[in-house]
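Understanding the architecture of this molecule
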Amino acid sequence: MNQSTDRASALALVGIEKVWSEVQRTPFVQRDLDAPIDRLPDISEGAVAARSSRAADALAILDRVQPSDLHHDFALTHAVAQSTARRMAQEENRYWLAFDPLGVGFFALFAPTAYGGGFLLNTVSGMLSKQRFETLGDLDRYLGLVEDYARLIDQMRERTAGQGSRGIRMPRAQLSQSVQLINGLRASANRIVPSKDRLVAIGADAASSKIVARIKQSVEPAFVRLLGLLEDLDFKRASPEKVGICQYPGGEALYRELVREHTTLDISPEEVHGKGVVRIAGIRAEMSLLLKEEEFKGSPQEYLADVARNPSWRAEGADAISSVFRRYSERIEPHIDASFRFRPNAAYDVAPLPDALAGSMTFGFYDPPSREQPVGHYLFNTGNLAGGPLAHVAALNYHELVPGHHFHLASQRENESLHPLRANAFFNAFNEGWAEYAATLAGEFGMYRKPEERFGRLVMDAFLTCRLVVDTGMNALGWDLERARSYMRKNAFMPEAEICSESIRYSCDMPAQSLAYKLGEDFMIDQREGMRARLGEAFDIRDFHDSVLRPGALPLPLVARNIESAIRARQTDFGGK
């Protein structure tokens, strides 16, 4: 190294460590750290402003470094830190319109929503489940955390009221869902009471009684206060019928920023919308071809209804649905080693979604492994899956578990060569793009063996592609909720309840987040096929998967840069043989 490189590396490291210091305080990461916690996240305006200020200081340091002065892997870490700091530095300016409760760039319009406060409180419950009880001091710390849990609920109420005073009113359709969500979270508040086997060292009965009493004293009244605001008649009357972020001051500009952040691409809402329309047309053509091959005379909707009437494509209850997921996991396992040189050590499985979240989440979410919970789980919505045909579960399984989210997130966290910031990096376009690429890859492996499974994959493809159209439609192009739902009824092939909850998610909860799935997948497939075309017979799909997965989550332009490096290395190796 020369002196210039030494100075750049030292300066970059200072900035990287400052960013990591912020990231490890976020609930999404803190939940999985091994150290006990003394305080839960703070989502107040003052706390967010302070974090933005610290992030801006870190960004100023990182911006002084020329990436060309850093070696390749260090330059990637610098880029991750720079991107993360830039996002965090914007939080203060966005606070009243969109806030980031988990600290991973999932900006939620309102706090009492499934993917905003619901995700936050569910994550906090995971943080609390890690606390150890060895001395009475641990009990005192936990009682303080229960108070913090109540404080979080109050901060959700304060932000909601503050938005109202600024003319940012929760749409009526979201408000009804929010009341249902908060009632569900209130009813399940005792889930933060530790099991008595965790309290044995400090006297289980007495400790449990104290925690239950503190919940009744602090947490229950906080939920009542929040519900009091949401159910206030004046608050309800002021709620607009209109949905979408663009109806609020600054919403149009912020949505365009969020589109770029969630996709990590320089793309406009109008371009995204156009891609979605073209994609839907292609999917419908594939569906028509499949039905023709099967000599089915009806429409795709009629075919889906026919599948739904077949008892072999249905299951009732969490255990039976879990068995369906596991069947597809077992099917793909023999095919992994031929396409990947590595895999995570952590096991994976499925489990039911917590009841409090089931009313507001269509499918569920992947919960990564941690030290306390070493198995990665896909938490599925039992009620929604039991209510319809399960021909799409194969595609859902490969997206969420192997080779999808579990393969990526678990291996990233296990990779000891990555800086902790990189091991915990979260870029929506990468995370969801990889998972959808994985579901398509499973099809290339022949995992959708029956026509119903192939159709189920097309159904999932259509459902996620519809997001490109209706998310941009409601948030940028002036679509109302009914127009979006009508489009989804025609093209998404989902039950009405799911269409209702998903359309609220895009327009009132996390605008632009849903765009990452298909744009990310298209990017990865384009990169792979470009690599195949340039390398010809030297192409090895394992090289492609190595260049995408081994560095962990990155903005897509950096993924392209790594793939370019892999192509050049392979060309050199192959040319020398």
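See the structure above.
Residues numbered from 1 in each chain as written. Predicted model: local features only at pLDDT ≥ 70, side-chain atom pairs only at ≥ 80, totals over all residues. Heavy atoms only, no water.

1. Brief notes about the overall build of the protein chain
Of the regular secondary structure elements, the protein chain holds 26 helices and three strands. The C-alpha atoms of the protein chain give a radius of gyration of 24 Å, which matches the 25 Å a tight globule of 577 residues would have. Each principal axis of the C-alpha atoms in the protein chain carries an extent, and together these give about 70 × 70 × 50 Å. Buried positions account for 60% of the 577 residues belonging to the protein chain. A separation of at least 24 residues holds for 78% of the contacts in the protein chain among residues at least 6 apart in sequence. Counting only carbon and sulfur atoms, one obtains 50% of the accessible surface of the protein chain, whose full area is about 22,400 Å². (Helix = DSSP H or I, 4+ residues; strand = E, 2+ residues; numbered from the N terminus. Rg over C-alpha atoms; globule rule 2.2 N^0.38 Å. Buried < 20%, exposed > 50% of the residue type's maximum accessible area, 1.4 Å probe, protein only. Contact = heavy atoms within 4.5 Å. Areas by Shrake-Rupley, 256 points an atom, 1.4 Å probe, with all protein chains shown as cover.)

2. Topic: the packing of helix α8 (residues 172-187) against helix α9 (residues 204-230)
Two elements in contact, α8 and α9, have axes whose closest approach is 10 Å; the angle formed by their N-to-C orientations is 170°. Relative to α9, the element α8 lies roughly antiparallel. Every pair of crossing elements has a handedness; the one defined by α8 and α9 is left-handed. Facing α8, whose interface residues are Leu 175, Ser 178, Val 179, Ile 182, Asn 183, Leu 185 and Arg 186, α9 presents Glu 220, Phe 223, Val 224, Leu 226, Leu 227 and Leu 230. Along the lines of polarity and charge, the residues of the contact of α8 with α9 split into nine nonpolar, two polar and two charged. (Axes fitted to C-alpha atoms, helices over the stretch in contact; angles between N-to-C directions. Parallel < 35°, antiparallel > 145°, perpendicular 65-115°, else oblique. Left-handed = near helix turned anticlockwise from the far one by under 90°. Nonpolar A, V, L, I, M, F, W, Y, C, P; charged D, E, K, R; others polar.)

3. Focus on helix α17 (residues 393-400)
In terms of residue burial, α17 counts as a mostly covered element, since eight of its eight residues are buried. Those residues of α17 not exposed but buried are Val 393, Ala 394, Ala 395, Leu 396, Asn 397, Tyr 398, His 399 and Glu 400.

4. What about the side chain of Arg 151?
Of note, Arg 151 is situated in helix α7 (residues 136-165). In this structure the side chain of Arg 151 is engaged in a polar contact, spanning 3.1 Å, whose partner is the backbone oxygen of Leu 40. Not counting chain neighbours up to four residues away, the residues in contact with Arg 151 comprise Arg 39, Leu 40, Pro 41, Asp 42 and Ile 43. (Polar contact = N/O pair within 3.5 Å; in protein donor to acceptor, adjacent residues only side chain to side chain.)

5. Notes on the environment of Leu 357
Position of Leu 357 relative to the elements: it lies in helix α15 (residues 355-358). In this structure Leu 357 comes out as buried when scored by relative accessible area, which is 0%. Linking Leu 357 and Gln 373, residues 16 residues apart in sequence, is a C-alpha distance of 20 Å.

6. Section: the sheet that holds strand β1 (residues 348-352)
If you trace the three strands from one edge of the open sheet to the other, you get β1-β3-β2, paired in mixed fashion. Edge strands, defined here as strands with exactly one partner in the open sheet, are β1 and β2 (364-367). If you compare each strand with its neighbour and ignore which way they point, the axes differ by 20° on average. Lying over the sheet, helix α14 (residues 318-336) contacts β1 and β3 (376-380), oriented at roughly 160° with respect to β1. (Pairing = 2+ DSSP bridges.)

7. Quick look at the pattern of salt bridges
The tally for this structure, following the rule as stated, stands at 48 salt bridges. The salt bridge partner of Arg 343 is Glu 333, with a shortest N-O separation of 2.9 Å. Pair noted here: Arg 343 is in the loop between α14 and β1 and Glu 333 is in helix α14, with a separation of ten residues, a long-range link. Salt bridges linked by common partners bring Arg 279, Glu 436, Arg 457, Asp 461, Lys 518, Glu 521 and Asp 522 together as one network. (Salt bridge = Lys/Arg side-chain N within 4 Å of Asp/Glu carboxyl O.)

8. What to know about the packing of helix α13 (residues 300-308) against helix α21 (residues 451-476)
At a minimum axis separation of 11 Å, α13 and α21 run at an interaxial angle of 125°. Between α13 and α21, the angle is such that the two are oblique. The two elements α13 and α21 meet at a crossing, and its hand is left-handed. Contacts between α13 and α21 involve Pro 300, Tyr 303, Leu 304 and Val 307 from the former and Pro 451, Glu 452, Phe 455 and Val 459 from the latter.

9. Some points on the packing of aromatic side chains
Applying the stated rule across the entire model yields 19 aromatic pairs. Ring plane angle 90° and centroid distance 4.8 Å describe the contact between Phe 119 and Phe 365, whose orientation is recorded as edge-to-face. Taken as a pair, Phe 119 in helix α6 (residues 114-128) and Phe 365 in strand β2 lie far apart in primary sequence, 246 residues in all. Using a relative accessible area of 11% as the deciding quantity, one classes Phe 365 as buried. Each member of the aromatic cluster is reached from another via a ring pair, and the members are Phe 340, Phe 342, Phe 407, Trp 434, Tyr 437 and Phe 544. The positively charged end of Arg 327 is found above the aromatic ring belonging to Tyr 328, 5.1 Å away from the centroid. (Phe/Tyr/Trp six-rings, centres within 6.5 Å; stacked < 30°, edge-to-face > 60°. Lys NZ or Arg CZ within 6 Å of the ring centre and 35° of its normal.)

10. A closer look at unusual backbone geometry
In terms of backbone geometry, most residues other than glycine have negative phi values and most peptide bonds are trans. Here Val 402 and Pro 403 are connected by a cis peptide whose omega angle stands at 5°. Turning to its location among the elements, Pro 403 is positioned in the loop between α17 and α18 (405-414). Of note in this structure, Glu 295 is not a glycine but carries a positive phi near 55°. With respect to the secondary-structure elements, Glu 295 resides in the loop between α12 (269-293) and α13. For Glu 295, a relative accessible area of 64% gives the class exposed.

11. Structural notes on the pairing of β3
The buried fraction of β3 is high, at five of five residues. Both faces of β3 are covered, namely the face carrying Gly 376, Tyr 378 and Phe 380 and the face carrying His 377 and Leu 379. Where β1 lies against β3, five bridges are found, and the strand directions are parallel. When the sheet's bridge partners are listed, Tyr 348 is paired in β3 with Gly 376. The sheet contact formed by β2 and β3 spans four bridges and is antiparallel. Along β3, the bridge assignment pairs Gly 364 with Phe 380.

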